[in-house]
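# Commentary on secondary and tertiary structure
These are the residues of each chain, in order.
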Amino acid sequence: MTIGVKVLKKPPRTLAEQAYLPETVKGLRLTMSRFFKNTFGPDSEKEIATVKYPEETRVYPERFRGVHRLTQRADGSPRCVACLCCSTACPAQCIHIEPGEYAADDPRAGYERYPKVFVIDELRCISCGYCVEACPCDAIRMDTGVHMPASTHRDHFLYDKETLLSLPGADGSLLTANTRPEPGDADHPGIDRDHH
Amino acid sequence: MGEMTFGGGGEDANFFTTKFDALLGWARKYSLFQYPFVTACCGMEFMAVASPRYDMARFGAEAPRFSPRQADVLWVVGTVSQRQGPVLKRIYEQMTEPKWVISFGTCASCGGFYDNYTTIPGIDKVIPVDVYIPGCPPRPEAVLDGLMLLMDKIQNGNKDPIVVPPRELPKLAQLRVKKEAAR
């Protein structure tokens, strides 16, 4: 069996193409017309692809994973209950949490814990979003909509609890859209199995 | 104090030296010749920064030199394994003074999620680093942030200070960048 070979005919060249110079002038005319249009023309006709970054910024997509933040409850305390799900899920192991117990007279005592220390090494973070998926309380989010800025020191990338709590989301809110009943609320199911 | 002054001139005596340093810093920061040491996937993002969409040439960092002897800035882009460590060190030593190093991306900066025996946990175990750019890979905007930070550093002529300066929050850092751009 032979393979069929399709012979393509070479397109003929005109005298103008063979003379080289007219085609060069044509190309230069296109280049120069773009140059004058983009340099001196009205803004509406400019065809410039470059984003002049510090002056103009592109809007990031809605689901862009930026710097982490810790969401707050209505009283300003972190929603995080220090379950360590995020630090377990993190493939880069960039989250460090030290859980603490509430005082005995606190309504949340015995029901949940709080993070005494919550540090994220943003330099180690690979922005995979596994921590956000793992969090059962919607306490850690990556919806700040800003990228992590560069720095000259590695210490600058260690974000502690206070810093993470102070970062607002892209909508400017420190809270979360997904609220849930707190211990003490009327619609809270209770902190033990008898719903008390 | 302790500097040599002529005829009790005070500030005037140092006028030319300080102005010359400022001029030198200005000239250096806008004519960075770069050597990209690209080893991994961050290289794609480096190309995105160098290509017309973000256009690193706007900052004078246009020509990549593929010999470290002609380069000012060493971009370490990507994961550096233990076997590449000596190579990287040798490349750094081949560069002529003044030289700067930008660590591009998580892997080069701290090893990232490679917690194993083959990967160097950050190239600053091998060579000094001036600017760390986080991200996996970093956005082009973050890379330009890092480049502008390095340009600031070159203009000020500061080597690593002993006191770590206070950190800027992301929003504030971008405000600073905008303010400097407007200036």
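Each remark here, short or long, concerns the structure printed above.
In short, a report on the structure. (Residues numbered from 1 in each chain as written. Chains lettered and ligands numbered in written order. Predicted model: local features only at pLDDT ≥ 70, side-chain atom pairs only at ≥ 80, totals over all residues. Heavy atoms only, no water.)

## Thoughts on the overall build of chain A
In terms of helices and strands, chain A carries five helices and five strands. What you see in chain A, going N to C, is helices and strands ordered as α-α-β-α-β-β-α-β-β-α. The C-alpha atoms of chain A give a radius of gyration of 30 Å, which is well past the 16 Å a tight globule of 196 residues would have. Overall size of chain A, expressed as C-alpha extent along the three principal axes, is 95 × 60 × 40 Å. Here the analysis covers contacts within chain A between residues at least 6 apart in sequence; of these, 67% occur between residues at least 24 apart. If you sum the accessible surface of chain A, you get close to 12500 Å²; carbon and sulfur atoms cover 56% of it. Of the charged side chains in chain A, 25 are positive and 28 negative, and the gap between their average positions amounts to 16 Å. (Helix = DSSP H or I, 4+ residues; strand = E, 2+ residues; numbered from the N terminus. Rg over C-alpha atoms; globule rule 2.2 N^0.38 Å. Contact = heavy atoms within 4.5 Å. Areas by Shrake-Rupley, 256 points an atom, 1.4 Å probe, with all protein chains shown as cover. Lys, Arg positive; Asp, Glu negative; His and termini not counted. Charge placed at Lys NZ, Arg CZ, Asp CG, Glu CD.)

## Concerning the interface of chain A and chain B
Each partner contributes to the interface: chain A provides 38 residues, whereas chain B provides 46 residues. When the area that chain A buries against chain B is broken down by residue, the three leading residues are A:Tyr53, A:Pro54 and A:Arg154, summing to 18%. Counting across the interface, chain A meets chain B through one salt bridge. Across the pair B:Asp124 and A:Arg154 runs a salt bridge, and its minimum N-O distance is 2.9 Å. The interface formed by chain A and chain B includes 15 residue pairs in polar contact (both at pLDDT 80 or more). Secondary structure elements with two or more residues in the side of chain A that touches chain B: strand E5 (158-159) and helix H5 (161-166) of chain A. (Buried area = accessible area lost by both parts, 1.4 Å probe. Salt bridge = Lys/Arg side-chain N within 4 Å of Asp/Glu carboxyl O. Polar contact = N/O pair within 3.5 Å; in protein donor to acceptor, adjacent residues only side chain to side chain.)

## Some thoughts on the packing of aromatic side chains
In this structure the tally under the stated criterion is nine aromatic pairs over all chains. Relative to A:Tyr114, the ring of A:Tyr102 has its centre 5.1 Å away and its plane inclined at 40°; by these criteria the two rings are tilted. Remark: A:Tyr114 occurs in strand E3 (residues 113-121) and A:Tyr102 occurs in the loop between strand E2 (95-101) and E3; sequence separation between them is 12 residues. Pairing B:Phe46 with B:Phe104 gives two aromatic rings, centres 6.1 Å apart and planes at 75°, and the pair type is edge-to-face. With B:Phe46 in helix H2 (residues 42-50) and B:Phe104 in strand E3 (residues 100-104), this pair connects stretches of sequence that are 58 residues apart. Each member of the aromatic cluster is reached from another via a ring pair, and the members are A:Phe35, A:Phe36 and A:Phe40. The ring of B:Tyr92 has B:Lys99 lying over it, and the distance from NZ or CZ to the ring centre is 4.2 Å. (Phe/Tyr/Trp six-rings, centres within 6.5 Å; stacked < 30°, edge-to-face > 60°. Lys NZ or Arg CZ within 6 Å of the ring centre and 35° of its normal.)

## Regarding the pairing of E3(B)
Side chains on a regular strand alternate between the two faces of the sheet. Residue and element names in this part refer to chain B. Of all the five residues making up E3, five are buried; the element is thus mostly covered by neighbouring parts of the structure. Side chains Trp100, Ile102 and Phe104 project from E3 onto one buried face, and the interleaved Val101 and Ser103 project onto a second face that is buried too. The pairing of strand E2 (residues 73-77) with E3 spans five bridges and is parallel. When the bridges of E3 are listed, Trp75 appears paired with Ile102. A crossover connection joins E2 to the parallel E3 through helix H3 (residues 85-94); in handedness this β-α-β unit is right-handed. Where E3 and strand E4 (residues 131-133) come together, three bridges link them in parallel fashion. Residue pairing across strands places Phe104 opposite Ile133, the latter belonging to E4. Handedness of the crossover joining E3 and E4 through helix H4 (residues 105-110) is recorded here as right-handed. (Buried < 20%, exposed > 50% of the residue type's maximum accessible area, 1.4 Å probe, protein only. Pairing = 2+ DSSP bridges. Right-handed = clockwise from strand over helix to strand, strands pointing away.)

## Quick word on the pattern of salt bridges
All names here are of chain A. According to the stated counting rule, one finds 13 salt bridges over all chains in the structure shown. Asp138 is the partner of Arg141 in a salt bridge, and the nearest nitrogen-oxygen pair spans 2.9 Å. Using a relative accessible area of 16% as the deciding quantity, one classes Asp138 as buried.

## Section: the sheet that holds E2(B)
Residue and element names in this part refer to chain B. Across the sheet, four strands lie side by side as E1-E2-E3-E4; this open sheet has parallel pairing. Single-partner strands in this sheet number two, and they are strand E1 (34-38) and E4. Direction aside, neighbouring strands of the sheet carry axes that sit 15° apart on average. Packing of helix H5 (residues 140-156) onto the sheet brings it into contact with E2, E3 and E4, and relative to E4 it is tilted by some 170°. (Axes fitted to C-alpha atoms, helices over the stretch in contact; angles between N-to-C directions.)

## Focus: a nonpolar patch on the surface
On the surface, a cluster of nonpolar side chains totalling about 440 Å² of accessible area is made up of A:Met32, A:Phe35, A:Phe36 and A:Phe40. Among the structural elements, A:Phe36 can be located in helix H2 (residues 21-40). (Patch = residues over 30% accessible without salt bridge, like charges linked within 9 Å, V, L, I, M, F, W, Y side chains within 5 Å.)

## Observations concerning unusual backbone geometry
It is generally the case that most residues other than glycine have a negative phi and that most peptide bonds are trans. Put simply, B:Glu97 and B:Pro98 share a cis peptide bond, and its omega is -10°. Considering the arrangement of structural elements, one finds B:Pro98 in the loop between H3 and E3. Look at the link from B:Cys136 to B:Pro137: it is a cis peptide, with omega at -10°. Within the secondary structure layout, B:Pro137 lies in the loop between E4 and H5. One non-glycine residue, A:Asp138, lies in positive phi territory at about 55°. The residue A:Asp138 is located in the loop between helix H4 (130-134) and strand E4 (140-141) in this model.

## As for the sheet that holds E5(A)
All names here are of chain A. The antiparallel open sheet is built from three strands, whose spatial order is E2-E3-E5. Of all the strands in the sheet, the pair left with one neighbour each is E2 and E5. By the bridge criterion, seven bridges tie E2 to E3 in an arrangement that is antiparallel. Along E3, the bridge assignment pairs Glu101 with Arg113.

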